[in-house]
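Examination of the molecular architecture
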Amino acid sequence: MENGIKKTPSSDKINSGMKKTPSSLFSITELDDFYFQHLSRSPRLNIERKISLDGCSISGNLRHIDSHECISPMGGFGHRAGFDTPNSTSDNVYEPHMMVVAAWDALRKSIVYFRGQPVGTVAACDVTSEEALNYDQVFVRDFVPSALAFLMNGEFDIVRNFLLKTLQLQSWEKKIDRFKLGEGVMPASFKVLHDSHKKIDTIMADFGESAIGRVAPVDSGFWWIILLRAYTRSTGDSTLSETPDCQKGIQLILSLCLAEGFDTFPTLLCTDGCCMIDRRMGIYGYPIEIQALFFMALRCALQLLKPEGESKELLERIMTRLHALSYHMRSYFWLDFQQLNGIYRYKTEEYSHTAVNKFNVIPDSIPDWLFDFMPNRGGYFIGNVSPARMDFRWFALGNCIAILASLATPEQSIAIMDLIEERWEELVGEMPLKACFPAIDGHEWTSVTGCDPKNTRWSYHNGGSWPVLLWLLTAASIKTGRPHIAKKAIDLAERRLLKDGWPEYYDGKLGRYIGKQSRKYQTWSIAGYLVAKMMLEDPSNLGMISLEEDREKPVVKRSSSWS
Ligand code: GLC
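Residues numbered from 1 in each chain as written. Predicted model: local features only at pLDDT ≥ 70, side-chain atom pairs only at ≥ 80, totals over all residues. Heavy atoms only, no water.

Looking now at the confidence of the model for the protein chain. Where the model shows low pLDDT, its predicted coordinates should not be examined in detail. A residue-level look at the protein chain finds 81% of positions with pLDDT of 70 or above and a mean pLDDT of 85. Confidence over residues 1-90 falls short of pLDDT 50; this stretch has 213 contacts with residues more than four positions distant or in other chains. Across residues 554-563 the pLDDT falls below 50, and counting only partners more than four positions away or on other chains, this stretch makes 24 contacts in the model. (pLDDT = per-residue confidence, 0-100. Contact = heavy atoms within 4.5 Å.)

Now the structure itself:
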């Protein structure tokens, strides 16, 4: 047992219930996995041992955890973050404490092991679901809230192992049909396969070639960098991030994004479905989620990269890009009442650099809903900006990340929270939080989604409510000094989440219905709740996922100051 996590050799049990992997997935046999074994040795940190909790053995097709592996989230046993969370409203079906216990229990069930080492968590452990599809895989984006929960709990090994495992996957030769992908591309997900005859574990990874619609996981690399910084910040140990492999990994990811090309904007051009919204939803172009994650990853890289060798020039490019990106986003993606009124009165067909309406947006393209939705107080970063196109929809993840990364100015951050409060019913309703608002319907739904039956109005990515977003809302609330918003949202989640079996998403204008095709025991719904609770309980946890505004021109920092 190292750093509080007991190694378990039971990966055959874990994987026994999983489906056969499609042959199109990349696979590799890693008998001689010296690299991983070598690098995955954790720093010997002084972490309190976890105390067992009675009665937490787990059934199902995963694995049995003996009571020594369980952590009691109650009573402060070996916890860095306590759980004396504020009382929730009396009509809650479950006691919040009981929910926290159940959440840890469920989170532990989702752990995936590779050669006895924890390397991630599966997307969902829904035993009732007929088809696993790819929910039995470890998704990079889905693992982030799990990782934060583990870090906040002082369990570092699983996060370290995950970072190293995915880094190793990055170095695979990635080909889709006859097309070779960029060296820096990180997988959307991976899966551990156990061969019980040969007694070996192998990994299969998906870089988009198996995903429905062959969508590109542009966000994976950014999340990887953000998580590496969270790990470094949380452990106070920069030996992992300073290894040549990690430094190279960051360089490769960012080289993909900072390459010079035909672009006229500093934002990153993407295809549809390239992030959490991984289906056709009209987010192609310059989606806010990617721009915010890109910005945050660039800022994390500034802290992580050692200013030597190849990184020196890269650091210069990062700073130049950050400068241009923040200007572009703050000027052109930002929308509040004033801005909207300006766009409403835009002249069109302006030529030359003196143009006010730089993207030639036709005022008639402003959707009707927006005039009512826009409060006098408040604002947000819109979904997308490109020639003659402003996607005015609200996207939660991008706006919360913009606050956490300080892509939003302090005034803009406050305005985003104002908007959430002013439009609580629309954006939060009965279950936090709408991934996107409003839903598209009718002819627009036909043309934008290609008649996607999973993304019908007020469902899934199209106006559905995602409990995982609770941790981001909580973090943004704390950062802007409004923890009461987080409390209110957590209260809502506590009324339903456990009772409903931790659904992946909810449907309906108010988020009242468990989603049509929603998985149960969705890991990031569980982890998102835990992270929200721990962050509210101990706001110092925010530091691992938040960056203060750089008022000065960014200065290259060595990765020494992590406190
Ligand atoms: C769905 C979601 C995606 C998530 C995956 C696994 O495809 O859209 O964001 O990563 O499920 O949970």
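Next, the rest of the story.
This next bit is on the pairing of strand 11 (residues 389-395). Judged by how many residues are buried, strand 11 sits mostly within the fold: seven of seven residues are covered. By the alternation rule, side chains of strand 11 split into Arg389, Asp391, Arg393 and Phe395 and Met390, Phe392 and Trp394, which are all buried. Summarising the sheet, strand 10 (residues 379-386) and strand 11 pair through four bridges and their orientation is antiparallel. Within the sheet, the bridge partner assigned to isoleucine 382 lies in strand 11 and is tryptophan 394. Hairpin connection between strand 10 and strand 11: a loop of two residues separates the two successive antiparallel strands, and alanine 388 in this loop has a positive phi of roughly 55°. Strand direction decides the pairing type here: strand 11 and strand 12 (residues 436-437), joined by two bridges, are antiparallel. Counterpart to phenylalanine 395 in the pairing with strand 12 is cysteine 436. (Buried < 20%, exposed > 50% of the residue type's maximum accessible area, 1.4 Å probe, protein only. Helix = DSSP H or I, 4+ residues; strand = E, 2+ residues; numbered from the N terminus. Pairing = 2+ DSSP bridges.)

Hydrogen bonding along the main chain pairs the strands of a sheet, whether they run parallel or antiparallel. Taken together, four strands build an open sheet; the order of strands is 9-10-11-12 and the sheet is antiparallel. Two strands bound the open sheet, and with one partner strand each, they are strand 9 (334-336) and strand 12. Of the strands in this sheet, strand 9, strand 10 and strand 11 touch helix 9 (residues 310-333), which is tilted by about 105° from strand 10. The strands touched by helix 13 (residues 410-422) are strand 9, strand 10 and strand 11; relative to strand 10, the strand with the most contacts, the crossing angle is about 100°. (Axes fitted to C-alpha atoms, helices over the stretch in contact; angles between N-to-C directions.)

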